[in-house]
Structures are given as structure tokens and as C-alpha cells.
Amino acid sequence: MYDVVIIGAGMSGLTAAIYCARAGVSFIVLEQDGWGGGQITSAHHVENYPAVSAVTGAYLGEALRHQALDLGCKIEQGIVSRVVDFGEYKKIILHSGMEIKTHVVIAATGAQPKKLGVPGEERLLGRGVSYCAVCDGAFFAKKGAFVIGGGDTAVEDAIYLADICQNVTVVHRRQGFRAAKSRVAHLKTLKNVNIRTGETLSSITGEDMVDGVELSCGGKMRHFDAQCVFIAVGSEPQTGYLADLPLELDAGYIVAGESCKTAVPGIYAAGDIRKKELRQAVTAAADGANAAFSALQFLQEQRNA
Ligand code: NAP
């Protein structure tokens with residue numbers, strides 16, 4: 001029986017692990033790829049994480065992973081299918097059938113890219129359709145790219161792709177961008193970037209590979225040639241494995257305050273799966289610290305009871 005099992009080895013999970021390691025409790029981190037680092041590792045450029053001026057997300061993720069490992073944290077490969085609450089303890093059931101008992105669970109599984117559900121999106125995934133510019137951009141050097149979305153991810157992706165691709169067209173459904181003003185201003189300075197606002201992606205065309213997109217604007221459809229489409233329209237929290245628990249959810253996100261305490265005692269939600277205003281690496285790290293602190297208090301109260 002562990003004191004704490006942390007599910008997810010991203011920014012929030014590994015920060016929780018650092019606090020658990022330093023507190024001397026027994027714990028493990030479960031991560032589906034067994035490696036860790038999380039979503040931040042696919043950010044091209046991070047310049048708003050305190051104390052590090054400008055680094056790649058991969059650098060930040062790897063530095064965090066090493067810090068946690070150096071403190072004695074164990075990251076184990078495991079895909080969690082269910083968590084069952086027995087009050088005093090929780091049982092974690094893995095896809096492999098293995099079961100792990102723990103007093104506390106910190107759920108830190110983050111979020112996955114949202115799909116648009118347009119024709120061609122699923123069929124051409126990996127053949128010109130991608131949700132990760134930093135992973136797949138290099139495959140489309142000197143080609144024509146479309147980026148869908150108006151948030152920080154879309155704008156950052158477009159800036160990154162502008163260096164690699166011949167031209168980049170950003171398609172955003174509204175006039176105003178959700179992304180930081182400074183990032184949008186930078187995007188607008190790039191000569192090979194074309195911005196189309198008030199338009200939506202209707203379909204992605206191509207037989208074996210993407211060869212174009214259909215855009216809809218005020219009921220009119222237009223076809224454009226394209227070799228790749230990067231979809232960056234937000235992400236969805238990964239909470240399926242918690243479905244048996246009476247957690248409070250809001251638009252799929254777990255309702256928990258700054259303490260990361262959920263509606264179920266001994267279960268904490270940290271990082272992008274928690275309902276909050278600002279999903280950033282720094283707020284995920286703060287959640288990891290708060291979740292671990294709450295978990296340690298809970299363990300103490302259990303021992304004193
Ligand atoms: P986001 O901020 O939720 O933006 C999603 C974008 O996709 C919005 O512009 C939204 O349009 C658009 N969208 C959503 N559903 C759509 C649909 N069905 N059809 C067309 N467009 C759709 O997501 P994000 O950009 O992934 O960012 C998530 C969080 O991470 C944010 O807090 C962001 O600041 C942060 N982030 C930070 C960095 C960094 O600091 N380096 C990098 C990336 C992300 P509307 O605007 O019309 O809703």
C-alpha cells in the first residue's frame with residue numbers, strides 16, 4: 001500500500017512528486033509512456049515560466065523529470081483504467097489488470113488535443129493532419145501549411161511553422177484572437193503568414209495525403225491547396241478513468257479549489273484537468289505543490305484518527 005499514487009508525469013504530477021519525495025512518504029508516479037515531462041515538452045518556446053528566460057518546452061520538461069528522479073521519484077509505465085474508492089484507501093486498476101492500493105490519489109493526467117470532427121480529419125491523421133506542430137512540422141518543410149485556431153497554441157504553431165514551411169495560413173473562427181497580444185503581433189510581422197479570421201474549416205481533402213482544405217465563410221465555401229493542417233483548437237481533460245467516482249465536473253474539468261481537493265476525500269486533481277481560469281505550466285506546477293501539500297495533511301489526519 002502506497003501513501004500516494006500520482007497519475008500523470010507532466011508539470012503538475014512531477015511537481016507533486018518532488019513535494020512527496022521531500023516529505024518522505026511512499027509514492028509512485030504512473031505515466032502511460034513511462035517517461036514523463038508532459039504536454040509542456042511540445043511547446044516550442046517558453047518565456048513565461050519564472051526564473052528561466054526563454055527555453056524550449058522539451059528542456060523544461062526534461063529538467064523537471066531529472067529533478068524528480070534525482071530526488072528518488074519512481075516513474076512507472078501504466079495506463080490506468082479505473083480508480084475505486086474504499087474510503088480508507090483507493091484501488092487503482094491498470095489496463096494490464098494489475099491493481100495498486102494507495103491512501104491518496106493525485107490525478108494529474110492533463111488534457112488531450114480537441115478534434116474538430118470535420119471530414120478528412122481522422123482519415124488523414126498522420127498524413128498531413130496533425131495536432132503537434134513541433135512533432136510534425138519538419139515533415140512539411142517548404143510546403144503550404146494551414147493552422148486552425150486562435151489561441152496561444154495556434155499562434156505559436158504558426159510562428160514555428162513559418163520558419164519551416166513555404167507559407168502558413170491561420171484560420172480562426174472569430175475576428176479577435178484569444179492568444180496573447182504580443183504573440184499575435186509577432187505573427188502579423190511574418191511575411192509568409194496569411195491570417196483568415198471569421199472563417200471555419202469545413203473539410204480536409206486528399207486521397208493518401210492532404211492536398212487541400214475547404215473553408216466556410218458566411219455560408220460560402222472556398223477550396224485552398226494545402227499539404228498539411230495543424231489543428232490547435234484547445235484540449236480536453238483526461239478524466240475517463242475517474243468516471244466511477246462521484247466527482248464534481250464542469251465542462252469535463254474536475255471542480256477543485258486551490259487546495260486541489262475534489263469531492264472525494266483522498267482524491268486530488270492537479271494541473272490541466274482541474275477547473276481553473278489559467279492553464280499554464282506555472283499554474284500546473286502550483287497545483288502539483290498544493291495537491292501534494294493537501295495529500296500530506298490528509299495522510300497526517302488519517303494517522304491521527
Ligand atoms: P485555447 O486557449 O482554448 O484556444 C483554443 C482556440 O481554438 C480558440 O481560439 C478557439 O476559438 C478555437 N476553437 C475552439 N473550438 C473550435 C472549433 N470547434 N472550431 C474552430 N475554432 C475553435 O487553447 P490553446 O491555444 O491550446 O491554449 C490552452 C492554454 O495553454 C491557454 O491558457 C494558453 O494560454 C496556454 N498556452 C501557453 C503557451 C505558452 O505560454 N508558451 C503556449 C500554448 C498554450 P475562440 O477563441 O473563438 O473560442
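Keep in mind that this is a model prediction, so the values were computed, not measured. In every chain, residue numbers begin from 1 and rise along the written sequence. Two thresholds apply to this predicted model, a pLDDT of at least 70 for residue-level local features and 80 or more for giving and counting side-chain atom pairs, whereas whole-chain, interface and lining totals are computed over all residues. Side-chain descriptors were evaluated using all non-hydrogen atoms of the structure, hydrogens and water having been removed beforehand.

1. Let's talk about the packing of aromatic side chains
Phase 1: Stacked, tilted and edge-to-face are the three classes assigned to paired rings of Phe, Tyr and Trp, where Trp is represented by its six-membered ring and a pair needs centres within 6.5 Å; plane angles under 30 degrees give stacked, over 60 edge-to-face, the rest tilted. Tallying each qualifying case throughout the model produces 4 aromatic pairs.
Phase 2: Judged by centre distance (5.1 Å) and plane angle (15°), the ring pair of Phe86 and Tyr89 falls under stacked.
Phase 3: Judged by its relative accessible area of 41%, Phe86 is partly exposed.
Phase 4: With a 1.4 Å probe rolled over the protein chains alone, any residue whose accessible area is under 20% of its type maximum counts as buried; one over 50% counts as exposed, and the rest are partly exposed. On the basis of relative accessible area, Tyr89 is assigned to the partly exposed category, the value being 22%.
Phase 5: Taking 6.0 Å as the distance between ring centres and 50° as the angle between the ring planes, the aromatic pair formed by Phe146 and Phe224 counts as tilted. With Phe146 in strand 9 (residues 144-148) and Phe224 in strand 14 (residues 220-225), the pair connects residues that are 78 residues apart, well separated along the chain. Accessibility assignment for this pair places Phe146 and Phe224 in one class, buried.
Phase 6: Stacked on the ring of Trp35, the Lys or Arg Arg65 has its end atom at 3.4 Å from the ring centre.
Phase 7: Charges are assigned to positions over rings by a cutoff of 6 Å between ring centre and Lys NZ or Arg CZ, combined with an angular limit of 35 degrees from the ring normal. Over the aromatic face of Tyr131 sits the side chain of Lys115, whose NZ or CZ is 4.8 Å from the ring centroid. Here a helix means four or more residues in a row that DSSP labels H or I, a strand means two or more in a row labelled E, and each is numbered from the N terminus.

2. Focus: the sheet that holds strand 13 (residues 212-217)
Phase 1: The pairing criterion for strands is at least two bridges between them, as found by DSSP. On the basis of which strands lie adjacent, the open sheet formed by 3 strands has the order 12-13-14 and antiparallel pairing. One side of each edge strand has no neighbouring strand; the edge strands of this open sheet are strand 12 (200-205) and strand 14. Within this sheet the neighbouring strands show an average axis-to-axis angle of 25°, counted without direction.
Phase 2: The sheet contact formed by strand 12 and strand 13 spans 5 bridges and is antiparallel. Geometry is summarised by axes, namely lines fitted to C-alpha atoms with helices restricted to the contacting stretch, and by angles between N-to-C directions that run from 0 to 180 degrees.

3. Quick notes on a negative patch on the surface
Phase 1: Like-charged residues within 9 Å of one another, or nonpolar side chains (Val, Leu, Ile, Met, Phe, Trp, Tyr) within 5 Å, are grouped into patches, provided each residue has over 30% relative accessible area and no salt bridge. For the area figures, the Shrake-Rupley method with a 1.4 Å probe applies, and any residue is considered shielded solely by the protein chains shown. One speaks of a salt bridge when a side-chain nitrogen belonging to Lys or Arg is within 4 Å of a carboxyl oxygen belonging to Asp or Glu. In this charge count, Lys and Arg are treated as positive and Asp and Glu as negative; neither His nor the chain ends contribute. One atom stands in for each charge, and that atom is NZ of Lys, CZ of Arg, CG of Asp or CD of Glu. The grouping of Glu207, Asp208, Asp211 and Asp225 at the surface amounts to a negative patch.
Phase 2: Position of Asp211 relative to the elements: it lies in the loop between strand 12 and strand 13.

4. Observations regarding the layout of surface pockets
Phase 1: Buriedness for pockets is judged along seven lines, at least five of which must meet protein on both sides within 12 Å for an open set on the 1 Å grid over protein atoms alone, while cavities are sets there where a 1.4 Å probe fits but cannot get out, and lining residues have an atom within 4 Å of a point. Grid points are joined across faces, edges and corners, and a volume is the space filled by probe spheres set on the points. The space that makes up the second largest pocket amounts to roughly 290 Å³.
Phase 2: In terms of lining residues, the second largest pocket is bounded by 15 residues, among which His45, Glu156, Ile159, Arg183 and His186 are the most central.
Phase 3: Elements with a contribution of two residues or more to the lining of the second largest pocket: helix 4 (152-162) and helix 5 (181-189).
Phase 4: It is helix 4 that contributes the most residues to the lining of the second largest pocket, 4 residues altogether.
Phase 5: For the lining of the second largest pocket, a count of residues per class yields 5 nonpolar, 6 polar and 4 charged. Residues are grouped as follows: Ala, Val, Leu, Ile, Met, Phe, Trp, Tyr, Cys and Pro are nonpolar; Asp, Glu, Lys and Arg are charged; every other residue, Gly included, is polar.

5. Here's the deal with the site of the ligand
Phase 1: One heavy atom suffices: a residue is near a molecule or strand as soon as one of its heavy atoms comes within 4 Å of it. Taken together, 19 residues lie around the ligand, and Asp152, Thr153, Glu156, Arg174 and Arg178 are the ones closest in.
Phase 2: Polar contact is defined as a pair of N or O atoms within 3.5 Å, subject to the rule that within protein one atom must be able to donate a hydrogen and the other to accept it, and that residues adjacent in sequence are counted only when both atoms are side-chain atoms. Between the ligand and Arg173 there is a distance of 3.0 Å, counted from an oxygen atom to a side-chain nitrogen or oxygen.
Phase 3: The separation between an oxygen atom of the ligand and a polar side-chain atom of Arg174 is 2.7 Å.
Phase 4: Summarising the interface, the protein chains cover 76% of the accessible area of the ligand, which totals 920 Å² for the free molecule.
Phase 5: Looking at the shell around the ligand, the element that brings in the most residues is helix 4, giving 3 residues.
Phase 6: Among the residues forming the shell around the ligand, the class breakdown is 3 nonpolar, 9 polar and 7 charged.

6. Details of the pairing of strand 2 (residues 27-31)
If a strand is regular, its side chains alternate between the two faces of the sheet.
Phase 1: With 5 of 5 residues buried, strand 2 lies mostly within the body of the structure.
Phase 2: Here strand 2 shows a buried face lined by Phe27, Val29 and Glu31 and a second buried face lined by Ile28 and Leu30.
Phase 3: The definition of a right-handed crossover adopted here requires that, viewed with the strands pointing away, the path from the first strand over the helix to the second runs clockwise. Each parallel crossover has a hand, and the one from strand 1 (residues 2-7) via helix 1 (residues 11-23) to strand 2 is right-handed.
Phase 4: Pairing geometry for strand 2 and strand 3 (residues 75-77), over 3 bridges, is parallel. Bridge pairing links Val29 to Ile75 in strand 3.
Phase 5: Between the parallel elements strand 2 and strand 3, the chain passes through helix 2 (residues 57-70) in a crossover that is right-handed.

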